[in-house]
Amino acid sequence: MAQKISALRQEIKRHNYNYYTLDAPTITDAEYDRQIKILRELEEKYPEYATPDSPSLSVGGPVLDNFNKVTHKLPMLSLGNVYSKEELVEFVERIQKQLKNPQPLLFCVEPKLDGLAISLLYEHGKLVQAATRGDGTIGEDVTYNVKTIKNIPHTLKGNSIPRRLEVRGEVVMPIAEFHAFNQHAIAQQEKTFVNPRNAAAGSLRQLDSNITAQRPLAFYSYGLGIIENGSLANSHYQRLQQLKAWGLPLTKEITLETGAQGCFEAYTRLLQKRPTLPYEIDGIVYKVDDITLQEQLGFIARSPRWATAHKFPAQEEQTRLLDVEFQVGRTGAITPVAILQPVFVGGVTVSRASLHNADEIKRLNIKIGDTVIIRRAADVIPQIIRALPSTSGEQSREIIFPTACPVCGSEIERIKDEAIARCTGGLYCAAQRKEAIKYFASRKAMNIDGLGEKIVEQLVDENLIHTPADLFHLTAEQLIPLERMAEKKANKLIAAISQCKSTTFPKFLLALGIREVGEATARNLANYFLTLEALQQASIEDLLKVDEIGDIVAQHIVTFFRQKHNQEVIQALLDTGIHWPEIKTKEHQAQPLEGKTFVLTGTLTQMSRNEAKQALQALGAKVSGSVSKNTSYVVAGEAAGSKLTKAQELGITILDETEMLSLLGSL
Ligand code: IVH
C-alpha cells in the first residue's frame, strides 16, 4: 500500500509540474481531481503513510527560477468543492452548526472563473506589484506582464483607498479571443493552446512582457488580501462593489443569495447561462457574506470553511479510442467515426464522435488505443480535441483509411484539394441507397411520417426497395414481418407514403438529394424554372442566372439530371402519382414566413438549433438572437431561460418544438 500511495503522489506531482510550471497538462482536470480524491481517501484510510509534502496538501506547483519570488503575507488559498445539491446543503448546515446560528445565512455567489489566480498590490492607489499564486505561499512576480492587461487599472480612482490594498482575482483569456488567437497561430504554424485557461497561464508567465501585451487577457476581482490603513464594509459583496467603484473589474454575475436554496437556484441559473458567458467557468463559488462570520469560521488546511466551489459537470473528459468505423453518407462521403469507451461528459454519455475526415485524423495524430480528450459543451456535438501521449506503454494501432468502400467494396476516391473521400458506388452502394431514401422521406423533404431510419435500413437490407420510387409499391403484408412492426403500424405507414404524393415542387426537388441543393436552393430553383421539365433541360449558363447558384452547384445539378439512373427514378416517382401545385409566375414568390422574426431558445431535441434556424430561414423568416417587441414567435426548447421569461412578459406567441415542427411541416 505504501508503494501505491507513493506512486500516486509521484504521478500527481508530475501533473502539478506539467500544469503549473509548464502550462501543458497531460490529463483533464476531472481526471486530476479523481486522482487527488483517491489519494486523499487512501491517506485517510492509512494515516500511517501520511507525509507533510504530499500533493494532497498543497495548492499549486513549484515556482520557476526565472521570475523573482514573492511571499504572500496572507497565503492564497484554495477552495473546497461540492458536487451536488446534497453536498451544498451539508456545507451550509455545517456552517450554521459551527456558528450556532439557525438563521438563514446570506451568501455572496460568484462564477468560478477558469483562469489563473493573481494578487495585485496597490500602495497609495498605485499598482506596485502583481504576483501569481505559486504554491499559495510563494508566487512569481509578474508585475510587468500584469501591467499589460488592459482592464487592470494602474491607478485606482475615488476616495478612501487604503494605503495598502491587495486585490485578488483571476486572469482569463475570454473564449472568443482564445479561438481567434489559436486560429491565427494555426495560420502562422505556431503553437496553439489547449484551452483558455492554459492560454491565460502561458501568456502571463512570459519572461518578455511584450509577448504578454499581445495576448488578449482580462482580469476579474473576487476578493481581498492585505488591507492596511483603510476600513471596508463588513460584507464581502459590498467590498467587491467598492473595488468596482475604485475601477477594478468584476464579473456581471455576482449576486447575494439566502441559504442553500438560494445558492442552488443561482447554480441552476448560472449553469444555463454558461454557454453565453464570454469567459470559461467551471463552477460557482458560495461565500459567507458577513466578514465577521468568515473570521469566526476560519480555515481548514488550505481552504476557508466559509466558502466552497460547486463544480459544474466537466465539459472535457478523457477516455480511450477503441476503434474507428467508416460511415458512408448519402453522397458517398466517407466519415471516420471514433468508437469510444463510454464516458460521461457535459451531462451525457458519449460513446461515438465524428473524426470528420482523413486530415482531421492526421491533425490530431491519433491512434486506436490512445487516450483522447472529449469535449462536449452545452448543445454542441461531442468532439475529440486531442490525443494524449501514451504513458501506459500499451500498443496503439495506426488508423488506416480504407481504399475500398466498407459497404459495397467500390473504390474510394479523394478529389485533389477536397477534404472528403467518397465511395464511387453511387446508388449501387447500399449505404448510399439507405441514406438517399432516408433523406427522401425526411420531414423537410417528402415528410413521410413513421418511416424512420431503422425501417429504411431493414427495407434496403431485405431487398424490398432499391430506390425511393419503390416505397410507393410496398404493401402492408411486406412490412408486417419487419422488426417492431405490427399490422396497425404497417397500415399507417402505407397510408403516410400514399399521402406524401401531394407535395410542393421545392420539397420534391429537395427530396431528390442533388448534391449541395438544400432547402433554399430548391426553392430558388423552383421559383425560377417553375416546372421540372424546364429544370431538367437547364444548362450551366441557365442555372448560373438563379439566385445564389454558383459553378459548383450548377455542375452538380446538370450532372444529376444527365444520369440515366436518376432520370428513371424521377419518371418512376412521377408515375406513382406524385404531384404539386403549379407555380404560376416568375415574379418574386412571397415566402410563407416572410416578415416574421423568430427567436430560438433552450435545447431542441429533434434537430439542432442551426438546423431549425436554416429551416425557418428557408421559408423566409428572420431568426434573431434576442427577444424584443418585434419578435413574432419564440421557440422554447427544454430548459429555456431568460428569453422565454421576456417573451412571456411581452406577450409574444411561444411555440414548443413540436409546434414549430408542425408549423414547418404545414408550409
Ligand atoms: S475565492 C479563500 N472566488 O479558484 C478563497 N476563487 O480553487 C480563495 N477562482 O485559486 C478563492 N473564481 O484561482 C475565489 N470567484 C472566485 C473564483 C476563484 C475562480 C479560483 C481561484 C482559486 C481557485 C480555488
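Up top you'll find the structure we're talking about.
A brief look at the structure comes next. Residue numbering note: each chain is counted from 1, following its sequence as written. The predicted nature of this model means local features are confined to residues of pLDDT at least 70 and side-chain atom pairs, given and counted, to a pLDDT of 80 or more, with totals for whole chains, interfaces and linings taken over all residues. As a convention, hydrogens and water are excluded, and side-chain values are obtained from all of the structure's heavy atoms.

1. Brief notes about the sheet that holds strand β13 (residues 307–311)
Inclusion rule: A strand pair is defined by DSSP finding two or more bridges across the two strands. Note on conventions: DSSP H or I runs of at least 4 residues are helices, E runs of at least 2 residues are strands, and numbering of each starts at the N terminus. Between N-to-C directions, angles span 0 to 180 degrees; the directions come from axes that are lines fitted to C-alpha atoms, helices contributing only their stretch in contact. Contacts are assigned to residue pairs that have any heavy atoms within 4.5 Å of one another.
With respect to topology, five strands assemble into an open sheet ordered β2-β13-β10-β3-β9, the strand pairing being mixed. With one partner strand each, in any of the chains shown, β2 (80–82) and β9 (255–258) form the two edges of the open sheet. The average undirected angle you get between the axes of adjacent strands in this sheet is 35°. Bridge analysis of strand β3 (residues 106–113) against β9 gives four bridges, and the strand direction is antiparallel. Counterpart to L106 in the pairing with β9 is T258. Each of β3, β9 and β10 (281–288) touches helix α8 (residues 236–245); the most contacted strand, β3, lies at about 50° to it. Along the sheet, helix α9 (residues 259–273) contacts β3, β9, β10 and β13; its crossing angle with β9, the most-contacted strand, is approximately 135°.

2. Concerning the sheet that holds strand β24 (residues 653–655)
With parallel pairing, four strands are arranged side by side in an open sheet as β22-β21-β23-β24. Sheet topology places β22 (622–624) and β24 at the edges, where each strand pairs with a single neighbour. If you compare each strand with its neighbour and ignore which way they point, the axes differ by 30° on average. With four bridges connecting them, strand β21 (residues 597–601) and strand β23 (residues 633–636) associate as parallel partners. Its bridge partner lying in β23, F598 is registered against Y633. Here helix α23 (residues 642–650) sits on the sheet in contact with β21, β23 and β24, set at roughly 140° to β21. Against the sheet, helix α24 (residues 657–666) makes contact with β21, β23 and β24, and its axis sits at roughly 95° relative to β24, the strand it touches most.

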